[in-house]
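Letter by letter, the chains look like this.
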Amino acid sequence: QVQLVESGGGLVQAGGSLRLSCAASGRTFSSYGMGWFRQAPGKDREFVAAIKSAGSTIYADSVKGRFTISRDNAEATVYLQMNSLKPEDTAGYYCAARYPRRIYYSGRSYSDYDYWGQGTQVTVSS
């Protein structure tokens, strides 16, 4: 079982920055695929970014060039650096982890992941 705890959300003006953190329990963090998703009120949860165990990253088109996902395996933490924030980035942000297995996955799908955090709220004012 993996527990994920997000932090770093808050209220920021448009154009500002925030860094989200997701701390994971477990001894094999380095082998997990990690992702960030977000959900705005009345909308479905959507993919934001993912980083695989080997370090490759993918992003949603809506955040490409503005957000950066990274991981610190020694600290068992994944980060989401969010720059040039827009009001449409307002949402609850959720961290997700995928248990390692020898099957290809894209990382963009909700169903790719096995564990989820409780989320942290990001609000961007105009």
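None of the values given here were measured: they were computed from a predicted structure.

Brief notes about the overall build of the chain
Logical step 1: A tally of regular secondary structure across the chain gives 0 helices and 11 strands.
Logical step 2: Counted from the first residue to the last, the chain has its helices and strands arranged as β-β-β-β-β-β-β-β-β-β-β.
Logical step 3: Scaling as 2.2 N^0.38, a compact globule of 126 residues should have a C-alpha radius of gyration of about 14 Å, and the chain matches this with 14 Å.
Logical step 4: Overall, the C-alpha framework of the chain stretches about 45 × 25 × 25 Å when taken along its three principal axes.
Logical step 5: The buried share of the chain, reckoned over its 126 residues, is 44%.
Logical step 6: Sequence-distant contacts, at least 24 apart, represent 59% of the contacts inside the chain between residues at least 6 apart.
Logical step 7: The chain carries 14 positive and 10 negative side-chain charges, and their two centres are separated by 5 Å.

Brief notes about the state of the cysteines
Logical step 1: Within the structure shown, the criterion is met by 1 disulfide.
Logical step 2: Note that Cys-22 is cross-linked by a disulfide to Cys-95, the S-S spacing being 2.1 Å. Disulfide Cys-22 to Cys-95: torsion about the S-S bond roughly -80°, handedness left-handed. Taken as a pair, Cys-22 in strand S3 (residues 18–24) and Cys-95 in strand S9 (residues 91–98) lie far apart in primary sequence, 73 residues in all.
Logical step 3: Here Cys-95 falls in the buried class, since its relative accessible area comes to 0%.

Thoughts on the sheet that holds strand S7 (residues 67–72)
Logical step 1: One open sheet holds the 4 strands; their spatial order is S1-S3-S8-S7, and the pairing between them is antiparallel. Only two strands of the sheet have a single neighbouring strand rather than two, namely strand S1 (4–7) and S7. On average, adjacent strands in this sheet sit at an angle of 15° to one another, irrespective of strand direction.
Logical step 2: The sheet contact formed by S1 and S3 spans 4 bridges and is antiparallel. Counterpart to Val-5 in the pairing with S3 is Ala-23.

A closer look at the pattern of salt bridges
Logical step 1: Taken as a whole and judged by the stated rule, the model has 5 salt bridges.
Logical step 2: With its nearest N and O atoms 2.9 Å apart, the salt bridge here joins Asp-89 to Arg-38. Placement of the pair is Asp-89 in the loop between strand S8 (77–82) and S9 and Arg-38 in strand S4 (residues 33–39), with a sequence separation of 51 residues.
Logical step 3: Classification of Arg-38 by relative accessible area gives buried; the value is 5%.
Logical step 4: Among the salt bridges present, the one from Asp-61 reaches Lys-64, with a minimum N-O distance of 3.3 Å.
Logical step 5: Residue classification places Asp-61 among the exposed positions, given a relative accessible area of 65%.

Observations regarding the nonpolar core
Logical step 1: Residues Leu-4, Met-34, Trp-36, Val-78, Leu-80, Met-82 and Tyr-93 are the most contacted members of the largest nonpolar core, which totals 37 residues.
Logical step 2: The set of elements that each furnish at least two residues to this core consists of S3, S4, strand S5 (46–51), S7, S8, S9 and strand S11 (120–125).
Logical step 3: Not counting chain neighbours up to four residues away, the residues in contact with Val-78 comprise Leu-20, Ser-21, Cys-22, Phe-29, Met-34, Trp-36, Ile-51, Ile-69, Ser-70, Arg-71 and Cys-95.

Cut-offs applied
- Residues numbered from 1 in each chain as written.
- Predicted model: local features only at pLDDT ≥ 70, side-chain atom pairs only at ≥ 80, totals over all residues.
- Heavy atoms only, no water.
- Helix = DSSP H or I, 4+ residues; strand = E, 2+ residues; numbered from the N terminus.
- Rg over C-alpha atoms; globule rule 2.2 N^0.38 Å.
- Buried < 20%, exposed > 50% of the residue type's maximum accessible area, 1.4 Å probe, protein only.
- Contact = heavy atoms within 4.5 Å.
- Lys, Arg positive; Asp, Glu negative; His and termini not counted.
- Charge placed at Lys NZ, Arg CZ, Asp CG, Glu CD.
- Disulfide = S-S within 2.5 Å.
- Pairing = 2+ DSSP bridges.
- Axes fitted to C-alpha atoms, helices over the stretch in contact; angles between N-to-C directions.
- Salt bridge = Lys/Arg side-chain N within 4 Å of Asp/Glu carboxyl O.
- Core = buried A, V, L, I, M, F, W, Y, C linked by side-chain atoms within 4.5 Å.

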